[in-house]
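If you want the building blocks of each chain, they are given just below.
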Amino acid sequence: MTRSPNKLIPDDFTATPSLAAPAAVAVVDELDESGLDAVGVLVTNDGDLPAGIDLDREALTRAGFEATAGTSLLLPYGAGPLTVLVGAGPTGVLDAARLRDAAAAFARATSRFGRIGLRVPTIGSADAAAAAQALAEGALLARYRFAALKREPKDVPLERLELLIDGVDRVAASAGAKTGTVTARATGIARDLANCPPGHLTATEMADVAVALGKRFGFDALVFDRQQLIDLGCGGLLGVNAGSAEEPRMVKLRYTPPGRSSGHLGLVGKGIMYDSGGISLKPSDPMHLLMKMDMGGAASVLATFTALRALHATAAVTGWLMCTDNMPSGSAYKLGDVLTARGGRTVEVKNTDAEGRIAMMDAIVLANEDGVDAIIDIATLTGAALMALGPSIAAVIGNDAATIGLVKDAAASTDEPVWELPLERKYRPQLDSDVADISNLGGPYAGATTAALFLAEFVGETPWAHLDIAGTMQSEKDDLWRSKGATGFGTRILIDVARGFRPSS
């Protein structure tokens, strides 16, 4: 296709920071200080100071450094690399999450440098692999910047990260660091996609990116255009797209492991490339500006697939990206319209700004037709989730404790917090319609739950978990490894679930 000069994404998607010369991460026996710009030392706020620090705790306290988690102190010792002390808090609570935070604090404190090394005297309760993975993730994610649209980016890219971790199996730690590099790269891809302005990444271009990434990272990407969606009867995605000048795209992703698969997991991602609200137009406020990120769910699903081959995932994984923008025009779908989903269920539209669930319903039906063992969907779905849980915790809702448990366990290990909200069936009558099988909007309360109840109508009995990431899709400021802008939240959760997925018995 012909691209305008305002388009960001090239065919191979290599101009974005997450895929251009990624930083090398190495677990070493000794830091190569002659080749490093800065060296960090992890310091807990109890016990003896690590060897080599020519100061006592009283002197550090006078300098304002008490080794609390997330803090740092630069020590300008003569020649050689800059020395940075990095606080990790009490030894007794040190774990992978705190190691990730510490590595992020170090990476931010040394943001002017491209080659850095970190000495870690203790890893607390983490094992060698988990510790190295967390350290790699923390540093790489903290140094993420979306600079593809800047002619002269000011940020110094991270070229090399050396990790000296005392008293651990280097082989296990190296494997963990490799995993962390892969998961951080995948998260960066999700961030790149969600940070793209809507005029630079349309549904058709998202499909192009998926195809290019599939060729590079070992998964299939099958693209469905408008006519093929009509032939499939995907009235939800087509209905949301009706007001747009851009065609919709559904992208079906497929990863097949070598040998016999341990199970078949279905992933569904909401891909609203820009959400104006449609006829139910959003107010022009800061939240409207963020609606370029309303495809964050699809971005996380696509990014997940880039990690599966490298991490030797044992499950077959199929994904559906439901991509369109939601725009007002003379042809847009209207309040009171009735749409027909794949499979024939009819939906009365009571609000065109409750479009994500409509776009995803077709994919959930298709996932069931594919015979998946479980479905996990991820979507920037409701403001109610943001109001209930704030910007740091995502909502998880579902019909199967085991599948929800997989998400919770992955959320705990990745430090991407989730909180389970109830799939309260007593609220289901709020979705009743006088003219169709169901309506797309419930009452004024429990909006995250009623949205999930809508999706549950299409899930049926298949084990299912729904991640509502409306609150966690972006960060208003740099916050340790959460860089300002799109967070890529959910990518590492999905990777963790998908790597070794097995259906519950």
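The paragraphs below set out a description of the structure included in this document. Just so you know, the residues in each chain are numbered from 1, in the order the chain's sequence is written. Local features in this predicted model are restricted to residues of pLDDT 70 or higher, and side-chain atom pairs are both shown and tallied only at a pLDDT of 80 or more, whereas totals for entire chains, interfaces and linings draw on every residue. Side-chain measures here rest on the full set of heavy atoms in the structure, leaving out hydrogens and waters.

Only DSSP runs of H or I covering at least 4 residues are called helices, and only runs of E covering at least 2 are called strands; the numbering of each starts at the N terminus. Per the secondary structure count, the protein includes 14 helices and 19 strands. Rg of the C-alpha trace for the protein: 23 Å, near the compact-globule value of 23 Å for 505 residues, within the 12% margin. Dimensions of the protein, computed from C-alpha atoms along their principal axes, come out at roughly 75 × 50 × 50 Å. Only protein chains enter the area calculation, which uses a 1.4 Å probe; residues under 20% of their type maximum are buried, those over 50% are exposed, and those in between are partly exposed. Looking at the protein as a whole, 57% of its 505 residues qualify as buried. Contacts are residue-level and defined by heavy atoms, with any inter-residue pair within 4.5 Å sufficient. Contacts in the protein between residues far apart in sequence, at least 24 positions, make up 77% of those at least 6 positions apart. Element-wise, carbon and sulfur atoms account for 51% of the exposed surface of the protein, whose accessible area totals about 19,900 Å². Positive and negative side-chain charges in the protein, numbering 46 and 60 respectively, have mean positions lying 2 Å apart. Computation of the radius of gyration draws on C-alpha atoms alone. For the globule rule, the value is 2.2 Å times the number of residues to the power 0.38. Per-residue and other accessible areas were derived by the Shrake-Rupley procedure at a 1.4 Å probe size, with only the shown protein chains allowed to occlude residues. His is not counted here, nor are the chain ends, while Lys and Arg score as positive and Asp and Glu score as negative. In plain terms, the charge of a residue is placed at NZ if it is Lys, CZ if Arg, CG if Asp and CD if Glu.

Strand pairing follows a simple DSSP-based rule, namely that at least 2 bridges must link the two strands. The strand order across the open sheet formed by eight strands is 7-8-10-9-13-17-14-15, and the pairing between neighbours is mixed. Two strands in the sheet have a free side with no partner beyond their single neighbour: strand 7 (220–224) and strand 15 (418–420). Sheet twist, expressed as the average angle between the axes of neighbouring strands with direction ignored, equals 20 degrees. Pairing analysis gives five bridges linking strand 7 to strand 8 (residues 249–255), with the strands arranged antiparallel. What sits directly across from A221, in strand 8, is L253. Only C-alpha atoms enter the line fits that serve as axes; for helices the fit covers just the stretch in contact. Angles between N-to-C directions range over 0 to 180 degrees. Against the sheet, helix 9 (residues 296–308) makes contact with strand 8, strand 9 (264–275), strand 10 (316–326) and strand 13 (374–379), and its axis sits at roughly 135 degrees relative to strand 9, the strand it touches most. Contacting strand 13, strand 14 (394–398) and strand 17 (464–468), helix 13 (residues 447–459) runs over the sheet at an angle of about 145 degrees to strand 17.

Glancing now at the environment of L229. Considering the arrangement of structural elements, one finds L229 in helix 6 (residues 226–232). With a relative accessible area of 0%, L229 lands in the buried category. For the pair L229 and R143, spaced 86 residues apart in sequence, the C-alpha separation works out to 40 Å. Every residue in contact with L229, bar those within four places of it in the chain, is listed here: F224, C234, L237, L238, P248 and M250.

With that out of the way, let us pick up the sheet that holds strand 5 (residues 115–120). Spatially, six strands are ordered 1-6-5-2-4-3 in an open sheet, and the strand pairing comes out mixed. Of all strands in the sheet, those bounded by a partner on one side alone are strand 1 (24–27) and strand 3 (72–75). Within the sheet, the average angular offset between the axes of one strand and its neighbour, ignoring direction, is 20 degrees. Where strand 1 lies against strand 6 (residues 160–165), four bridges are found, and the strand directions are parallel. Its bridge partner lying in strand 6, A26 is registered against E162.

In this section: the layout of surface pockets. When its volume is computed, the largest pocket comes out at roughly 840 Å³. Using only the protein atoms, space was sampled on a 1 Å grid; points where a 1.4 Å probe fits but cannot get out form cavities, open sets with protein on both sides within 12 Å along at least five of seven lines form pockets, and lining residues are those with an atom within 4 Å of a point. Lining the largest pocket are 35 residues, with Q474, S475, E476, K477 and G485 sitting closest to its centre. At the level of elements, helix 4 (170–195), helix 8 (286–289) and strand 18 (474–475) are the ones that each hand at least two residues to the lining of the largest pocket. Ranked by the residues each element gives to the lining of the largest pocket, the list is headed by helix 8, at three residues. When residues are sorted by character, Ala, Val, Leu, Ile, Met, Phe, Trp, Tyr, Cys and Pro go into the nonpolar class, Asp, Glu, Lys and Arg into the charged class, and all the rest, Gly among them, into the polar class. Looking at the lining of the largest pocket, its residues break down into 15 nonpolar, eight polar and 12 charged. Grid points are joined across faces, edges and corners, and a volume is the space filled by probe spheres set on the points.

This brings us to the nonpolar core. Formed by 65 residues in total, the largest nonpolar core has its most connected members in L193, M206, L253, L302, F305 and L467. Among the elements that take part in this core, helix 9 stands out by supplying eight residues, more than any other. To form a nonpolar core, buried Ala, Val, Leu, Ile, Met, Phe, Trp, Tyr and Cys residues must be joined to one another through side-chain atoms within 4.5 Å. Counting residues in hydrophobic clusters, the runner-up holds 47 residues, among them V240, Y333, L366 and A367.

Moving on: helix 5 (residues 203–217). Helical geometry: 3.6 residues make up each α-helical turn, so side chains three or four residues apart lie on a common side. By definition here, a helix of n residues has an expected span of 1.5 Å times n minus one. For helix 5, spanning 15 residues, the distance from its first C-alpha to its last is 21 Å, which sits close to the expected 21 Å at 1.5 Å a residue. Among the 15 residues in helix 5, 11 count as buried, and that is most of the element. For helix 5, the complete set of buried residues consists of A203, T204, E205, M206, A207, V209, A210, A212, L213, G214 and F217. Phi for G218, located one or two positions after helix 5, is positive at around 85 degrees.

We count a salt bridge whenever a side-chain nitrogen from Lys or Arg sits within 4 Å of a carboxyl oxygen from Asp or Glu. With the rule as written, the count across this model stands at 24 salt bridges. D155 serves as the salt-bridge partner of R145, at 3.9 Å between the closest nitrogen and oxygen. Pair noted here: R145 is in the loop between helix 3 (128–142) and strand 6 and D155 is in the loop between helix 3 and strand 6, with a separation of 10 residues, a long-range link. Taking relative accessible area as the criterion, R145 reaches 27% and is therefore assigned partly exposed.

The subject of this paragraph is empty space enclosed by the protein. Applying the stated criterion across every chain, the model contains one cavity of 30 Å³ or more. There is about 70 Å³ of room inside the largest cavity. For the lining of the largest cavity, the leading source of residues is helix 9, giving three residues. Residue composition of the lining of the largest cavity, by class: eight nonpolar, four polar and no charged.

The next point concerns the packing of aromatic side chains. Any Phe, Tyr or Trp ring, taking Trp's six-membered ring, that has another such ring centre within 6.5 Å forms a pair; planes under 30 degrees apart are called stacked, those over 60 apart edge-to-face, and the others tilted. Going through the model one piece at a time under the given rule, you end up with two aromatic pairs. When the centroid spacing of 5.5 Å and the interplanar angle of 55 degrees are considered together, the rings of F219 and F305 count as tilted. Placement of the pair is F219 in the loop between helix 5 and strand 7 and F305 in helix 9, with a sequence separation of 86 residues. Accessibility classification places F219 together with F305 in one group, the buried group. A ring pair is formed by F454 and F458, whose centres lie 5.3 Å apart and whose planes are at 50 degrees; its orientation type is tilted.

The quantities given are spatial measurements derived from coordinates; they are silent on function.
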